[in-house]
Structure formats: C-alpha cells, structure tokens
Amino acid sequence: MAITVNIPPPLRPYAEGTDKISLSPADATTVAGALKVLVTRHPGLNDRMYTNGQLRPFVNVYLNNEDVRFLDGEFDAPLKDGDDVAIIPAVGGG
Amino acid sequence: MVSVNPASIPQSPLVAGMKCRVCGKQWPVSTTNFCEDDFGPLEVDYHYDRIKPLVSRQLFESRPNNMWRWKEFLPLNGEPTVGLHVGGTPLVKADRLGKAIGIENLWVKNDAVNFPTLSFKDRVVAVALSKAREFGLETVGCASTGNLANSVAANAAAAGLKSYILVPSDLERAKVLGTSVYGANVISVRGTYDEVNRLCTQIAFHHGWGFVNINLRPFYAEGSKTMGYEIAQQLGWRTPRNVVSPMAGGALIGKISKGFNELAAAGLIDAPRTSFFGAQATGCNPISGSVKENRERHKPVRKPDTICKSLAIGDPADGFFAAKLIRESGGWAEDVSDDEIRECMALLAGTEGIFAETAGGVTVAVARKLVRQGKIRPGEETVLCITGNGLKTQDSVAEILPAPAVINPQLPEFQALLVNGAPPVRKAEPAMA
Ligand SMILES: Cc1ncc(COP(=O)(O)O)c(C=O)c1O
Ligand SMILES: [Zn+2]
C-alpha cells in the first residue's frame, strides 16, 4: 500500500501528463507534506497551486473524499498508509 | 425555430472574451470556466463601447416582455434557441407586506412565477443551454439544490438535449418529481450539495458534457443579470436604494448588481447607488457569516441543516465576491431560523398573495431582521427578490398553517362557526414591535 495523490486533468499538463503519484508514509506525514512532495517531483505545479507559499484560494484539497478544511488540523491532518489525497479546482457551484 | 446550426455562427462582436475574476487575464470564449494560471473563475467580458450605440430605452421597451429583450448584454453569438419565454416577471408594489415588516416603500420582484419552472433559475438555464448548443454540446447536466434541476430538465427536454441531473438525496419530493417528469436522468447522491458538486466537477472533466453550473457557469451566471435589468426598467429606469437577495452559491446577488452597472455603462440609467443585502438560513450561512464576522473568505459549512434546501450550499463558489459586493455597497447580510422562514412564507402569502418557497421566506425574514437592526431604514426604497415558488416546498410550511374547520353541509353549522370562532387567523408578528 501507499499514499496516493491525485492530479486533476487541468493540472496534468504541468505534471508531465501524470495523473497521480504514490508516496510511502515515510515521505510525508501530513496532507501539507504530501502536497510538498508532489510539487517537488513536479515543479511545474508549484506556481499553479501556490502563490507566495499559500495554496491558491480556488484550489481545494480532499483527504479520502473529505474537504481538508473540515479535518482536525486541516492541512496538518496526519496521513496513514492507503490514504487518498485529491486536488480538485473549485471550478463551479450552485 | 432556428434553421442554422448554432455551432456555425461566428463569435458576437459584442463579446470581448473571458476575463479571470482573480488576476484579470483575458481568455478566449470556450467551455473552460477557470483561469489556467490560478484557477480563478472566468467571467464574460463585453465591448460596452460597441453595445452603447446599439441600445436605447425605446429599443428594449419595444421588444416582447421576456429576458431576451436584453440580448445585447448576453453572451450568445446568434439568437437564443432555448428558453425563449423566460423572464419578464412582475415587480409588485408590496404595501401590505411593507407595513408588516416596517418598510414604507417596498417592492417584490416575483420570480416565483417565472416560466417555465417557477424560479429565477430559468434565466440562467436559458443562457447556459443556448450557449451549450452554440458549443455543439448534446448532453448537459447540473448539480442542484432543486430549482436548477427542474429548470435544466425542462429546458433540456424542450431543446431536445440529453440531461443528467445530480441532487443531494435529502431533496424535497416535489423537486425530484419536478425533474424526473421531463425525462431527465436524475441521480440522487448520498451527500451534501457540495459533495454532489465535487462529483459533477469530476464528471465534467471526464465526459466533456456541459454542466450548466460548472463548465458553462460563466454563461449561466450572466442570465441572472436580466433580473437586474427588469427591476431597473420596471422602476422607471432607475435603481432602488436597497436590494435584498437570497444567496446560495452567491452568484445572483452579484449579477443583479452587474446588470445595474451595465445599464449605467450604456447610458440608460444614472450610476447606481444601491446597497446589496444578502439573505441566508442560519443552518447554512457561510456568506452571511463571513460578512457579520468580517472575514474575507467564508468558512465552509460541512453539514447544512435547514428547511431551506434550495439555499443549502456550504461552500459557495461566489461567496468571496458576494461578501465583497455587500461590504463595498454599504449593505449587510443576515440569516434566519427555520421558524422565521416558515412564518415569513406565510406572511408574504397572507399580505401580498404570493406563495414563495423557503428561499422567499428567508428573504422576507432577513429584510424584517435588517429593519429591526436599523440596517435598512423604513423610508428607503427596497426591492425583495423572490426567486422560487411555494408549491415546490409545501411540506415545510404545512405545520404552521391551521387545518380547515370541518362541518356538515348545513347552514346552522356554518353560522355556529362564525359565532364560536372566527375563521382561523394566521399568526404573523406585528411590525417592529
Ligand atoms: C430559489 C432560489 N433562490 C436563490 C438561489 C441562489 O442563487 P445563487 O446560487 O446564485 O446565490 C437559489 C439557488 O441556488 C434558489 O434555488
Ligand atoms: Zn487568473
């Protein structure tokens, strides 16, 4: 098992076409840590996802389908083996 | 209807393109609804200098009374092909309601009778689906809190488009039924609206369908401007001091303001000085919460808990922009309890003869609360946006309405009723006690 970070279609061109990456629990212990690994492996994503070191306001992140903003610790929420992290742009709504 | 293939029409010379609402960068017109640099939402941008010489009050007044009389301000390349009879709803002088809630100069913009599905959503869907046909899309869909579902299903059926409608599984029966009847594929998703919406975002990415509130959202949102144009025209080509609008995703309130500003940009009205007031239910108040707590970004609501399901969006896409407009226009936002919502549905019905859905109860109750707080003053001309019909949410108000008296068909029994108890009276609170 591993931790998966899913890259949405509009970000894939900045990640050499990759749709997801796998990490081991040793690579990252929190959601923020996993995102850091992602942009280290695919530096093209950095500017798309971050501005001045902050995640851009219209980029949402989910851990096992739950919006990270609802988790205890938010981006510091801990990861365990088998977790699924997804980045989904906030591109629509009611 | 149309004989040309809408997909073959060249781009309108009145449309400048798409503009990122975060960084301002220009993008071409397409079914991509976000800025690829920063994921900021895109908005349609127009050449107002080209529109201005083409339009006049007389031109608009000479056209049939529906939303398409404003077509120069809408993002189609050709003539509309979907929702040709939408809009043109009454603006009602609401003196009796005004007396009850303490506003001397009150109007109700009544989109509870908008055609064909009895909510303002027909305005947004008419634009989104007309645009979908220009893009050559054959399958459309939406994530919906109910009214949008009804409208996409009906208008897609009339246009011969296939539709997939995803709704939260706790939606009112009438709103589900009022979607399936049009032959739409209705999918009930175990989760909140925001979870449904996230799923639809993923579906839109994978299938290339036209989701009206996702990849067609910039065009969809433009439809709401027509409520603003109509209000200004119906007031005699001027804007009111205050507008009170319900908020879910937060798009409508901003588009009413954009509509006012565009009429001014075209030289048809004086520069608007309207304050915008936003209305939500306390059980789902991310936008009013951010205004009241003076936070720039809203805190999303995980599990909305209110009878007003149509406004139950916990993570509103336009929340940031709605809160900004409210602050900058000198308005305010409030939220109200389920009891206040029910009471004010009955109050609007009992004073003006207008049966609105729960969102109407929210709007009336918030207006009353704002008067009590002194945020809206009694003498200020105020327009309440009533956006959906009460027949869709009957269960929510049923419990506070008196059951009818039951008698045998005999005159003495009727007369006994009159003596023993007057016909039941609705319990509405008096004005500003
Ligand atoms: C009846 C009704 N009023 C108002 C709204 C709010 O519109 P918006 O999402 O643009 O804020 C909605 C829908 O979402 C609605 O169904
Ligand atoms: Zn941008």
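Residues numbered from 1 in each chain as written. Chains lettered and ligands numbered in written order. Predicted model: local features only at pLDDT ≥ 70, side-chain atom pairs only at ≥ 80, totals over all residues. Heavy atoms only, no water.

Secondary structure summary: chain A contains 2 helices and 7 strands in total. Its helices and strands taken in sequence order, chain A reads β-β-α-α-β-β-β-β-β from the N to the C terminus. Taking 94 residues into account, the globule formula puts the C-alpha radius of gyration at 12 Å, and chain A, at 12 Å, falls close to it. Within chain A, buried positions represent 47% of all 94 residues. Taking the intrachain contacts of chain A between residues at least 6 apart in sequence as the baseline, contacts between residues at least 24 apart amount to 52%. As displayed, chain A has an accessible area near 4,400 Å², and 48% of this comes from carbon and sulfur atoms. With 8 positive and 12 negative side-chain charges, chain A shows a separation of 7 Å between the mean positions of the two kinds. (Helix = DSSP H or I, 4+ residues; strand = E, 2+ residues; numbered from the N terminus. Rg over C-alpha atoms; globule rule 2.2 N^0.38 Å. Buried < 20%, exposed > 50% of the residue type's maximum accessible area, 1.4 Å probe, protein only. Contact = heavy atoms within 4.5 Å. Areas by Shrake-Rupley, 256 points an atom, 1.4 Å probe, with all protein chains shown as cover. Lys, Arg positive; Asp, Glu negative; His and termini not counted. Charge placed at Lys NZ, Arg CZ, Asp CG, Glu CD.)

Turning our attention to the environment of Glu 230 of chain B. Residues and elements named next belong to chain B. Of note, Glu 230 is situated in helix H9 (residues 225–234). Judged by relative accessible area, which is 4%, Glu 230 ranks as buried. Note: C-alpha distance between Glu 230 and Ile 256 (26 residues apart in sequence) is 9.6 Å. Setting aside residues up to four positions removed in sequence, Glu 230 forms contacts with Met 67, Trp 70, Gly 87, Gly 88, Thr 89, Lys 109 and Arg 123.

Taken together, the neighbourhood of ligand 1 is formed by 16 residues, with Asn 147, Gly 249, Gly 250, Leu 252 and Thr 387 of chain B sitting nearest. Residues within reach of ligand 1 are spread across chains A and B. Within the contact set of ligand 1, an oxygen atom lies 3.1 Å away from a side-chain nitrogen or oxygen of Lys 121 of chain B. Between an oxygen atom of ligand 1 and a main-chain N or O atom of Gly 249 of chain B, the distance comes to 2.8 Å. Within the complex, 99% of the 390 Å² of free accessible area of ligand 1 lies under protein. (Near = heavy atom within 4 Å. Polar contact = N/O pair within 3.5 Å; in protein donor to acceptor, adjacent residues only side chain to side chain.)

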